[in-house]
Protein chains: 2
Amino acid sequence: MSLLPSETKAQLAETPAPFNRAPAPDSVTTGPIVGSRKVYAAPAAHPNIRVPFREIALSDPKEPPVRVYDPSGPYTEADARIDLRRGLPAIREGWIAGRGFDVVAGRALRPEDNGNLPDDRIAEACPAHRTLRAARDGRMATQYEFARAGIVTEEMVYVAHRENLAREGAHAEAAARLADGDSFGAALPDFVTPEFVRSEIARGRAIIPANINHPEVEPMAIGRNFLVKVNANIGNSAVTSGAAEEVEKLVWAIRWGADTVMDLSTGRNIHNIRSWIIRNSPVPIGTVPIYQALEKVGGDPVKLDWEVFKDTLIEQAEQGVDYFTIHAGVRLAHVPLTARRVTGIVSRGGSMMARWCLAHHRESFLYERFDEICAIMRRYDVSFSLGDGLRPGSIADANDASQFAELETLGELTKVAWAGGCQVMIEGPGHVPLHKIKVNMDKQLAECGEAPFYTLGPLTTDIAPGYDHITSGIGAAMIGWFGTAMLCYVTPKEHLGLPDRDDVKTGVITYRIAAHAADLAKGHPAARVRDDALSRARFDFRWEDQFNLALDPDTARRFHDETMPKDAHKVAHFCSMCGPKFCSMQITQDLRREAEAMAGMEEKSKEFLDGGGQLYVPAAE
Amino acid sequence: MSLLPSETKAQLAETPAPFNRAPAPDSVTTGPIVGSRKVYAAPAAHPNIRVPFREIALSDPKEPPVRVYDPSGPYTEADARIDLRRGLPAIREGWIAGRGFDVVAGRALRPEDNGNLPDDRIAEACPAHRTLRAARDGRMATQYEFARAGIVTEEMVYVAHRENLAREGAHAEAAARLADGDSFGAALPDFVTPEFVRSEIARGRAIIPANINHPEVEPMAIGRNFLVKVNANIGNSAVTSGAAEEVEKLVWAIRWGADTVMDLSTGRNIHNIRSWIIRNSPVPIGTVPIYQALEKVGGDPVKLDWEVFKDTLIEQAEQGVDYFTIHAGVRLAHVPLTARRVTGIVSRGGSMMARWCLAHHRESFLYERFDEICAIMRRYDVSFSLGDGLRPGSIADANDASQFAELETLGELTKVAWAGGCQVMIEGPGHVPLHKIKVNMDKQLAECGEAPFYTLGPLTTDIAPGYDHITSGIGAAMIGWFGTAMLCYVTPKEHLGLPDRDDVKTGVITYRIAAHAADLAKGHPAARVRDDALSRARFDFRWEDQFNLALDPDTARRFHDETMPKDAHKVAHFCSMCGPKFCSMQITQDLRREAEAMAGMEEKSKEFLDGGGQLYVPAAE
């Protein structure tokens, strides 16, 4: 099965809105990224914990292979044996089983979970079976609770090893010595220990989103003292897309580097589509439960209530969703503050809750029932992603009273969630011009006690629909540098339509650029290893190494081959930008040899410059 | 004629490197950008000065048309009558003729100007005839000299009107009141007067690159108190591309918003290809004369000398090139400082001069003859673009001793050029991580007396070949905000190959985003007009207005139509992201009406929040 944009369109043409018969997936993209291989490595003293990395071997024997962070799961193994109907291996099963949770029967599936469809239109659920668990009353359940109790979980050991990547070995040590960023108060350690992970989680400064009913997840951390992470959104809507496409989008997004994936589906078959996604996802899955709750009440936000919402939380928590966006910061009193905005409330969840509050003229039930929400989420270790329902949808609305009033409420709720034993991160930005970005970060750190910030973009101008991956990639790099822990991607289709396969890839790569630029600028001890390896390959005309070290080897190789099609040119000491005669790299390679031969010349030149360098005498004088 | 990438490839296959028979252009892309029309407006008291703008009419009668800056020249007129063999109208002819320059015969064409090709392989030169002029000894020639003498030229009047764009009218006044940027010491006026332009040029803080032999140019300013500008590079190389393609790339680049274009050609027929470009360019054209000088000495930098370089300067100045990149800052003593760099010297001109200096073990002839260079450039008002031959080519080399030693030399040369009556800008960056960008700007302002900074990118990481428009767009937005006057674009093909038509467009749009994000952040008094107009269109579901206000209406429209193909959906109050039921924009539009109906509610909510907003009582207590 391949899901090219043209097929998406063909499917659309056959099945008019608003309903699609969603096919069950049968296969997805597998195999390593060209030039890389999947390796697993165990932390010292934990031989049974297999942490995945992607290793890029280089053609120069003097160059060690470069090991990069790899969220792509078993799909990129060379001999990947994927059976979507069985789901991924439940690598956490043993760890979870050892923690003494209750095995429960679980909530029975209800017709409204899949949009009250007749049987012949219901998409098949993923048949993979997993033991369903929930925390016992009075027993610890969440990574936060274990961390607070001083317990280092297997997930923390896993994450520590994963985050260190190239921080071991001579090259990494050299790079660490060169790391010279400005981290704005973050405290990246030279080396990540399991105890460091524990202390960051206990402090509320990091989370490991990992539902006890998602044993397939490869643990990862979100926090400003770890690598900056990237989230990709997938999800069908009433107008387009089905189950097969969504699973392929998940696999495709993590292949290119998405660290978590949010399923923002709003159409029918939502429960069953989600079952395929979760059983086959090695990355944490986030959702916005109110989207499904709204489906259950026929699409009218005014009809939402606590019972249907609570039921949806339990439904999704039992399925294994790792984090929930909860828009509990949209309070009744905030809503009128948005009335004079240029673009009002652009968050779907935020607008639903605002509608509810106004229609009933009551405080938000999410806010009033927040303790009960905590109790449910704690039971499965679902992390909070406190939603920014009032994020600005335009440059004009950035940093306004309603946005910051909500952020203050999110700060208040963060403490409630921690008191309830839950892991928490905070959602932010939207459209924010460059000069208003930093205050968002500073205010979030202050209000929310350094809980991880998770921002959309921000988009730094409104005038480029079709290129909002770029308008927002600019803002994302900056806010990541300032301390945001995870960047929610934006695709080229933002504001215009649902992303296809190419858009998902473009969005993920753009955000990997932003995250890496931020890691470099923060002075991450290992970030420069890959830059330096690629730059050395570039200088040495090791074209294949340059392609393989790129975030997207396929595109780099294709672009090169478009103007230099011959195989001989892959080893050429020039490219089509300059041609063989003018290549500056070639000139400087020769130059270096000459300059180095001039022993002592460097010293002399320094003396010369220190002396003022006054060789120049204006010719006219 | 259309120049699609596939044709470029076909041409390549037929004509192996290093030679192309370059066809003469016959036609280029014309007609307005969809949804826009070209308008000309005259400044008060100057009815004969026709300043071009692009006007976007909106469908809502309450919304005034949005007038945007337009460097695209007559090509985007509705009934554009373009004859490439006659060149564009010489709009400055009368102004220039009135300044008392000598009419000269000019230098005779030499065989080496086109690479010593036999007659049957020489591409035709553009047959358009122009009066050839040079300054008389002792008479003022440059915009800098006129400005210093207190004279406001027609070019300054033109530029003032052009820069004001939407700064007139009620909407602009409202926007100006809202402008709240942080300009880091720039001093953007509320309104640009011709006298302000003169004073900025006299102060050396801005330039109007406009060779007296390029009467077709529509004057534009480069300076940090004006709109941030974008340069696009075109140019054939020995491996690919010919005259027809280069003229089309010029027209294509300015269509999407390039303010100046550099012709970086290095192949044969270089003189004749340039004649087509200049005669048909409404934007300033920049070159790197040493590229052609190198052609004339058979490609060996060691054989370069002052005579061949001087001859090339005169050749190109007489043709009408508006600014020259001169790598006079690469001094003998700087070269050994680069020996231990990861990527050495990546500037082509820089590496040539470094090679020359080392081979002869002599100070650079560009540096030693700088006064003579000034005298030649002054005679035609060719502006200096002082080249950064030692810019860093990798994150590892950013802000190193050689880069900053050269910048100090450029500061010294800036003062020499001013003393010689010349306009000057300074080239900068390359590869620079986020946290090292600002010091580049601060140092440039300090060393070069606020002469305009003109930077490549900077690229904020090395690991994304194929996406370097994005790695560099991030850095460009930041350095533009900090004060860079013009941003040199980078295309997706950077480091990999020569850009085709699509790459040029992508590069230009990306850099228009960066420049606009910078203008917004600097608090430009009119920058937000377009953002706000687009955001209002978005909120009102005026899809066509949203497309037309976009930097690239074609792509925005196409992306929308891919998932919402029906015409009816162009007026739909939803898009495929959410579908008809969940649209947050739709919900908030309803919401706004309700919220506004709740008179006084906003006041009440403020009181509530001021009082601490303590409605929340934890349910468990």
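Residues numbered from 1 in each chain as written. Chains lettered and ligands numbered in written order. Predicted model: local features only at pLDDT ≥ 70, side-chain atom pairs only at ≥ 80, totals over all residues. Heavy atoms only, no water.

Undergrad: Got a minute to help me understand the overall build of chain A in this structure?
TA: Each helix and strand counted, chain A has 22 helices and 15 strands in total. Taking all 621 residues of chain A together, 71% fall into the buried category. For chain A, the accessible area works out to roughly 19,200 Å², and carbon and sulfur atoms hold 52% of it. (Helix = DSSP H or I, 4+ residues; strand = E, 2+ residues; numbered from the N terminus. Buried < 20%, exposed > 50% of the residue type's maximum accessible area, 1.4 Å probe, protein only. Areas by Shrake-Rupley, 256 points an atom, 1.4 Å probe, with all protein chains shown as cover.)

Undergrad: Just to check I follow, could you spell out the sheet that holds strand β12 (residues 383–386) of chain B for this structure?
TA: In a beta sheet, neighbouring strands are held together by backbone hydrogen bonds and run either parallel or antiparallel to one another. Residue and element names in this part refer to chain B. Read once around its circumference, the closed barrel built from 8 strands follows the order β8-β9-β10-β11-β12-β13-β14-β15, with strand pairing classed as parallel. Strand-to-strand twist of the sheet, defined as the mean angle between neighbouring strand axes without regard to direction, takes the value 25 degrees. For strand β8 (residues 229–234) and strand β15 (residues 486–488), the ladder comprises 3 bridges, and the chain directions are parallel. The residue of β15 that forms the bridge with V230 is L487. (Pairing = 2+ DSSP bridges. Axes fitted to C-alpha atoms, helices over the stretch in contact; angles between N-to-C directions.)

Undergrad: How should the state of the cysteines be read in this particular structure?
TA: What is meant by a disulfide is a covalent connection between two cysteines, made through their sulfur atoms. Residues and elements named next belong to chain B. The full count for this structure, using the stated rule, is 0 disulfides over all chains. The closest cysteine sulfur to the non-disulfide-bonded C374 is located on C422, 4.7 Å from its own sulfur. Here C448 stays free of any disulfide, with the sulfur of C374 as its closest cysteine sulfur at 14 Å. (Disulfide = S-S within 2.5 Å.)

Undergrad: I keep staring at the sheet that holds strand β10 (residues 285–287) of chain A and nothing clicks. Help me out?
TA: Residue and element names in this part refer to chain A. The 8 strands lie next to each other as β8-β9-β10-β11-β12-β13-β14-β15, forming a closed barrel whose pairing is parallel. The average undirected angle you get between the axes of adjacent strands in this sheet is 25 degrees. Sheet topology note: the strand β11 (residues 323–326)/strand β12 (residues 383–386) ladder contains 4 bridges and is parallel. Paired with I326 across the two strands is L386, which belongs to β12. Helix α10 (residues 306–319) rests against β10 and β11 of the sheet, and its axis sits at about 160 degrees to β11. (Contact = heavy atoms within 4.5 Å.)

Undergrad: Looking at this model, I keep getting lost on the packing of aromatic side chains. Mind explaining?
TA: Two descriptors summarise a pair of aromatic rings, namely the distance from one centre to the other and the angle between the planes of the rings. Overall, the coordinates contain 24 aromatic pairs over all chains when judged by the stated rule. Summarising the aromatic geometry, the rings of W306(A) and F309(A) are spaced 6.4 Å apart at their centres and angled 40 degrees between planes, so their arrangement reads as tilted. Within this pair, W306(A) and its partner F309(A) are both found in helix α10, separated by 3 residues, close to a single helical turn. Each member of the pair, W306(A) together with F309(A), is buried. On the basis of an interplanar angle of 90 degrees and a centroid distance of 6.2 Å, the ring pair of Y323(B) and Y454(B) is categorised as edge-to-face. Here Y323(B) is found in strand β11 (residues 323–326), whereas its partner Y454(B) is found in strand β14 (residues 453–459), with 131 residues between them in sequence. Directly above the ring of F404(A) sits K443(A), whose terminal nitrogen or CZ lies 5.4 Å from the centroid. Cation over ring: R255(B) sits above W256(B), and NZ or CZ is 5.8 Å from the ring centre. (Phe/Tyr/Trp six-rings, centres within 6.5 Å; stacked < 30°, edge-to-face > 60°. Lys NZ or Arg CZ within 6 Å of the ring centre and 35° of its normal.)

Undergrad: What is the right way to look at the domain arrangement of chain A in this model?
TA: Interfaces are often sized by the amount of accessible area the parts lose when they come together. Structurally, chain A comprises domain 1 (109–224 + 237–528) and domain 2 (573–603). Of note, the centres of domain 1 of chain A and domain 2 of chain A, computed from C-alpha atoms alone, are 48 Å apart. (Domains from an automatic or database assignment.)

Undergrad: Any chance you could explain the side chain of D400(A) here in plain terms?
TA: Residues and elements named next belong to chain A. Following the sequence through the fold, D400 ends up in the loop between β12 and α14 (401–419). You can call D400 buried: its relative accessible area is 17%. A polar side-chain atom of D400 sits 2.7 Å from a polar atom in the side chain of R341. Within the structure, the side chain of D400 is placed 3.0 Å from the backbone nitrogen of Q403, a separation counted as a polar contact. (Polar contact = N/O pair within 3.5 Å; in protein donor to acceptor, adjacent residues only side chain to side chain.)

Undergrad: Explain unusual backbone geometry here, please?
TA: Most of the time, phi is negative for any residue but glycine, and the peptide bond is trans. Residue and element names in this part refer to chain A. Of note, the amide linkage connecting G457 to P458 takes the cis form, showing an omega dihedral of 10 degrees. Although it is not a glycine, H361 sits at a positive phi angle of roughly 45 degrees. Along the polypeptide, H361 turns up in the loop between α11 (348–360) and α12 (365–368). Assessed through its relative accessible area of 44%, H361 is described here as partly exposed.

Undergrad: Can you help me understand the confidence of the model for chain A in this one?
TA: The predicted structure's coordinates, where accompanied by low pLDDT, should not be read in detail. Residue and element names in this part refer to chain A. Overall, the predicted model of chain A reaches an average pLDDT of 88, with 85% of residues at or above 70. Here residues 1–20 is a poorly scored stretch, pLDDT under 50, and it has 32 contacts once near neighbours within four places are set aside; other chains count. Within the model, the stretch residues 613–621 combines pLDDT values under 50 with 20 contacts to residues more than four positions away or in other chains. Scoring of the predicted complex yields 0.92 for pTM and 0.91 for ipTM. (pLDDT = per-residue confidence, 0-100.)

Undergrad: What's the story with the pattern of salt bridges in this structure? I'm lost.
TA: Side chains bearing opposite charge may pair, as long as their charged atoms lie close to each other. All names here are of chain A. For the structure shown, the criterion picks out 104 salt bridges over all chains. With its nearest N and O atoms 2.4 Å apart, the salt bridge here joins E124 to R85. A residue pair is termed long-range when its members are at least 10 positions apart, and E124 in the loop between β4 (102–103) and β5 (133–134) and R85 in the loop between β3 (66–69) and α2 (93–97) qualify at 39 residues. Taking the shortest distance from any N to any O, the salt bridge between E246 and K249 comes out at 3.5 Å. Taken as a pair, E246 and K249 lie in helix α7 (residues 243–255) at a separation of 3 residues, close to a single helical turn. The pair formed by E246 and K249 is uniform in burial state, with each residue classed as buried. What emerges from the salt-bridge pattern is a single network uniting D60, K62, E63, R536, D540, R542 and D545. (Salt bridge = Lys/Arg side-chain N within 4 Å of Asp/Glu carboxyl O.)

Undergrad: For this particular structure, what's the right way to read the nonpolar core?
TA: In this structure, F309(A), I326(A), F384(A), F309(B), I326(B) and F384(B) are the most contacted members of the largest nonpolar core, which totals 288 residues. Those residues in contact with I326(A), other than ones at most four positions away along the chain, are F309(A), L313(A), L366(A), I373(A), M377(A), F384(A), S385(A), L386(A) and G387(A). (Core = buried A, V, L, I, M, F, W, Y, C linked by side-chain atoms within 4.5 Å.)

Undergrad: For this particular structure, what's the right way to read the UniProt feature "binding site: Zn(2+)" (unreviewed entry) in chain A?
TA: The feature "binding site: Zn(2+)" (unreviewed entry), as given by UniProt, occupies H431(A) and H495(A) in the numbering adopted here. The greatest C-alpha distance among the residues just named is 12.1 Å, despite their covering 65 residues of sequence, which places them together in space. You can see H431(A) is positioned in strand β13 (residues 424–431). Those residues in contact with H431(A) that lie beyond four places of it in its chain are P392(A), G393(A), S394(A), I395(A), A398(A), L459(A), D462(A), H495(A) and R538(B). (UniProt positions renumbered as here; feature names shortened; annotations may be inferred.)

Undergrad: Mind showing me how you'd approach helix α15 (residues 437–447) of chain B here?
TA: An α-helical turn contains 3.6 residues, so a residue and the one three or four places further along point in the same direction. Residue and element names in this part refer to chain B. If you check which residues of α15 are buried, you get I437, N440, M441, K443, Q444 and L445. Structurally, α15 contributes buried residues whose contacts are with α14 (401–419), β13 (424–431), β14 and α16 (468–482). Where α15 terminates, the next one or two residues include G449, which has phi positive at roughly 55 degrees.

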